[in-house]
Amino acid sequence: MFLKPVTNKLKWLRCLSSMALAGMALYLAVSSIAASAEESGKMLTATKDPTTHEVVLGNDTVRVRFPWETARFEQFPNGYTGYILEMCKDGQWVQMAVSPYFSAFTYRSGWGRHFHHYVIPRSAEVSQDNEKARVVFKETLTDLDRGSWFFEASFEVRPGSPFVETTYTMKVDTERDVFLFDGPRLHVGEGSFGDAMDEALFPGIEYLQKGERSSHMAALAPEVRINLVPPPAKITIPLMAIYNEGCVAGLMWDPMKPWLGSHTCPSALFASPNWLEDQPNHLMGLFLPSVPDYVAENSMSAHTPVTLKAGETMRLESALFAAPASSSADAVDLWLQRRGGLPAPSKTPYSYLEQINEHARILVDDSWNKKGDGWFWDYDGKPSYNAGVASALAKALPFIEDKKLAERTIERIQVVAKDAAYLPLSFRWGNLARAMEANHSFAHTLIDSQKEDGSWVHNQTKDAELGLFWLMAPPNPPYIVKDGERSQGISARRASEVLEYALLANDPAALAAGLRGIEDMNRYTVPYVYDNDECPQAPSLHGSYCGMRACLLAYRITENPTYLEQAKRWAKTGLPFVYMWSFGPREVETGHIHAEKKFFLKGKDLYKNTKRDPMLYGALYGYGSSQYMFPWYGVLVQWIGFEYAEDLARLAKYDTSFPWKTVSDGLISSAMWQAFDKKPYAGYFPDAFSTERWMPSGPAFSPAALMETMFLTNFDVADWDTTIVRNENARFHITSSKCAGDAAISGGMLRFTLDDPACTHVRAVVTDLPPTAQITVDGQALPQVEDLESVEEGWQRNPYGLALLKVCQKEKPRAIEAALTAAP
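The following paragraphs examine the structure supplied in this document. (Residues numbered from 1 in each chain as written. Predicted model: local features only at pLDDT ≥ 70, side-chain atom pairs only at ≥ 80, totals over all residues. Heavy atoms only, no water.)

## Considerations on the overall build of the chain
No. 1: Helix and strand content of the chain: 17 helices and 43 strands.
No. 2: The C-alpha atoms of the chain give a radius of gyration of 31 Å, which matches the 28 Å a tight globule of 824 residues would have.
No. 3: Along the three orthogonal principal directions, the C-alpha set of the chain runs to about 110 × 60 × 50 Å.
No. 4: Evaluated residue by residue, the chain yields a buried proportion of 59% over its 824 residues.
No. 5: Partitioning the intrachain contacts of the chain with sequence separation of at least 6 by distance along the chain shows that 67% fall at a separation of at least 24.
No. 6: On the chain, roughly 33500 Å² of surface is accessible, and the fraction owed to carbon and sulfur atoms is 51%.
No. 7: Between the averaged position of the 80 positive side-chain charges in the chain and that of its 99 negative side-chain charges there is a distance of 4 Å. (Helix = DSSP H or I, 4+ residues; strand = E, 2+ residues; numbered from the N terminus. Rg over C-alpha atoms; globule rule 2.2 N^0.38 Å. Buried < 20%, exposed > 50% of the residue type's maximum accessible area, 1.4 Å probe, protein only. Contact = heavy atoms within 4.5 Å. Areas by Shrake-Rupley, 256 points an atom, 1.4 Å probe, with all protein chains shown as cover. Lys, Arg positive; Asp, Glu negative; His and termini not counted. Charge placed at Lys NZ, Arg CZ, Asp CG, Glu CD.)

## As for the packing of aromatic side chains
No. 1: Following the criterion strictly, the structure yields 43 aromatic pairs and no others.
No. 2: Consider the rings of F137 and F155, whose centres lie 6.0 Å apart with planes at 85°: the pair is edge-to-face. Residue F137 is located in strand β11 (residues 133–142), and its partner F155 is located in strand β12 (residues 148–157); the two are separated by 18 residues in the primary sequence. Comparing F137 with F155 shows no difference in burial state: the two are buried. (Phe/Tyr/Trp six-rings, centres within 6.5 Å; stacked < 30°, edge-to-face > 60°.)

## Points about the sheet that holds strand β35 (residues 730–736)
No. 1: Spatially, five strands are ordered β34-β35-β38-β42-β41 in an open sheet, and the strand pairing comes out antiparallel. Only two strands of the sheet have a single partner each, and these edge strands are β34 (721–727) and β41 (794–797). On average, each strand axis in the sheet is inclined to that of its neighbour by 20°, with strand direction left out of account.
No. 2: Examined bridge by bridge, β41 and strand β42 (residues 803–808) share four bridges and lie antiparallel to one another. Paired with R797 across the bridge in β42 is A803.
No. 3: Where helix α10 (residues 488–505) meets the sheet, it contacts β34, β35 and β38 (761–766), and its direction lies at approximately 100° from that of β35. (Pairing = 2+ DSSP bridges. Axes fitted to C-alpha atoms, helices over the stretch in contact; angles between N-to-C directions.)

## Focus on a negative patch on the surface
No. 1: On the surface, a cluster of negative charge is contributed by E354, E401, D402, E407 and E411.
No. 2: Among the secondary structure elements, E411 is positioned in helix α6 (residues 403–417).
No. 3: The exposure class of E411 is partly exposed, given its relative accessible area of 46%. (Patch = residues over 30% accessible without salt bridge, like charges linked within 9 Å, V, L, I, M, F, W, Y side chains within 5 Å. Salt bridge = Lys/Arg side-chain N within 4 Å of Asp/Glu carboxyl O.)

## Some details on the pattern of salt bridges
No. 1: Summed over all chains, the structure comprises 41 salt bridges.
No. 2: For the salt bridge of R65 with E54, the shortest nitrogen-to-oxygen distance reads 3.4 Å. Taken together, the positions of R65 in strand β3 (residues 62–66) and E54 in the loop between β1 (44–48) and β2 (55–59) put the pair 11 residues apart, joining distant regions of the chain. For the pair formed by R65 and E54, the shared burial category is buried.
No. 3: The salt bridge involving K395 is made with D719; its shortest N-O contact spans 2.4 Å.

## Considerations on the packing of helix α13 (residues 561–573) against helix α15 (residues 638–652)
No. 1: It is at 11 Å that the axes of α13 and α15 come closest, and there the two elements cross at 145°. The handedness of the crossing between α13 and α15 comes out as left-handed. Touching L564, A567, K568 and A571 of α13 are Y644, L648 and L651, all from α15.
No. 2: Residues belonging to the contact of α13 with α15 are distributed by class as follows: six nonpolar, no polar and one charged. (Left-handed = near helix turned anticlockwise from the far one by under 90°. Nonpolar A, V, L, I, M, F, W, Y, C, P; charged D, E, K, R; others polar.)

## Examining the nonpolar core
No. 1: In this structure, F66, F102, F155, M314 and Y644 are the most contacted members of the largest nonpolar core, which totals 195 residues.
No. 2: Among the elements that line this core, the one with the most residues is helix α12 (residues 541–558), at 11 residues.
No. 3: Setting aside its immediate chain neighbours within four residues, M314 contacts Y168, T169, M170, V178, F181, W259, L260, L288, V306 and L308.
No. 4: Counting 38 residues, the second-largest nonpolar core is a separate cluster that includes L393, L397, L425 and V717. (Core = buried A, V, L, I, M, F, W, Y, C linked by side-chain atoms within 4.5 Å.)

## Remarks on a positive patch on the surface
No. 1: Positive charge collects at one region of the surface, where K602, K604, K608, K678 and K679 lie side by side.
No. 2: By the element assignment, K608 lies in the loop between α14 (603–606) and β28 (611–612).
No. 3: For K608, a relative accessible area of 63% corresponds to the exposed category.

## Concerning helix α16 (residues 660–674)
No. 1: Here α16 is 15 residues long and its end C-alpha atoms lie 22 Å apart, about the 21 Å a rise of 1.5 Å per residue gives.
No. 2: Among the 15 residues in α16, 13 count as buried, and that is most of the element. (Expected span 1.5 Å × (residues − 1).)

In structure tokens form, the structure reads like this:
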């Protein structure tokens, strides 16, 4: 007798729910999004229409409308069925998103079945003062087991803020097993731009360009493409955003805010466009309980219910937002604005000086092959005379406190430097002519390979095919990247490389090629992988730092402020690849070092203190894969973050509009927490660190890479530094291990000083001196020679017209003068 009426009632609920949504669509179609100038100028609004019951909450930048749905046949739905998010643009209210319903919940009934119920509140209380406007919706529901559920949702805005703060709570009077409690759910674009978008961003998961869709990345095997509801450990910044035609809208939250007792991290739902519900909009939302403890990845309700006891409260806090923007990355700025700025980096386990001294000792004593064959770059790898390691040690010399260690360091550097042609080492230890020749050849090979449209393209290799075979990739497609394929990342990397030579040599061909490469790169809006034999094309931190580097180099050479703005834009695109929140310190239980012997280790074998804190400012490689079969979601690849940190430190010298240095310091802090400190692995750091498993893995890399980044970001010790002296339309570039001092032109003379106490000799490259230039040092003629390596002091003209100088380091800076007109 009881089952039949209930069954019929459930049918009515389904039918009328569809009718309610149709009614809301009709309401939205006929309602105006414009507002009068008087209404737009109000600082705060919290009103409830006594006739229609519609609630309007907002300020002069953003507002939410809550329409009342009148019951059909005096039965259903009868209440507030959802809400509409709008932003003020050019004096008009523009619809950005619709919430199709307030909330829903699922519980296990006494019948042994799961019941899913939607919440349609009928009570709305508005309030307003000078600091905020607020509306609170309440509803009490009775489930099929006669238990009472108390639902409350509050929405709050403040003057001038683009955020609508939301708090959803739910209580019961009888203990219940809860499988789902929905927080805010948005259909972004509904009633306005629909499923169109210029960019979509779900940091750590999706970074989409126009025409792309989520959970559909071609860089992943089909079986691992779905990212509808990811584990929180994969989300780098807790926000979701859709950017379209100068506006951005979405949802953000604090993942560590408890939602019941000590439980944290609500589940996040994202589909752009809304392929899940097959609707022409973009879907995003939050719900409880959490992935993965209760909810399986990509599921929308719990496999294991959370028990909500009588009187306990489930709480989910978040913020809706809508604002003018120039890209989806502006949503990150909004997130930072809401939280009060960048998080402070974690305190490092060691000081920078302690780390440098210990790493130098490891490189000089432990990592040096006992047979004298060089250093191991990878732990247990093949030793080699690695000029990069020698360069790192050369920079470390002024910081090494142990004199005997410093002597052994010099011995190691000398063994490598005598035959090396590596520019960062050559400025300090010789072979500058050979290194410049190699750099010229490399840059002009890139220039010759540039396409007419300014791009560079991918060239397939045998190494890529070997990787596909080794990781057992899918047979289709049978390549990493198509031969001849173009991308933002490929052009960004090549443009940065030729512009680096243009800065060094004032080479017109390199400058022209680099600027054309930037023009091609800027056709894209999302950063992508550079030319790579391992990783198919996908959004990547590679494209961010290469794009930033290229534009900053162009700015330094040309002084065109447009390039500085572009450098800042590409720098911002890197933030979604960096964790801006953390679980906090956790125990590393196991680790892996991929070497010939493949070491599977306990955490205590790698770390003196196994409680590590690397997540905050940990950097992802990107959102793609290696050979399609190894997804990089939730996996820190900090050695790629090193490159980003170094470029941010360079950018910080020219721009103070954002705390770039804080991000750079955070990236170093994360690396120091990942680096091993237990012998025999001490000093090495892992290729990867999983934020899901809290486990380091892959090859273990040389301490030299971390040292190099610390030198640049915190001690301003670079590979080399270039000073540009301008004289009307002419430029003179002076490059040395340390920035040339007092550089100026007067009386037809180029004057500057050279000084680097860390070196026995100071070397420099000077551009655009006349063929018969006369150069003096401290007032004495500096002889022109055929080979710098054969003299203590002198200068040499290389085949491309560059003057290469070598002078002895003394107590005072060496004063250099060069005549800018040919001698009579």
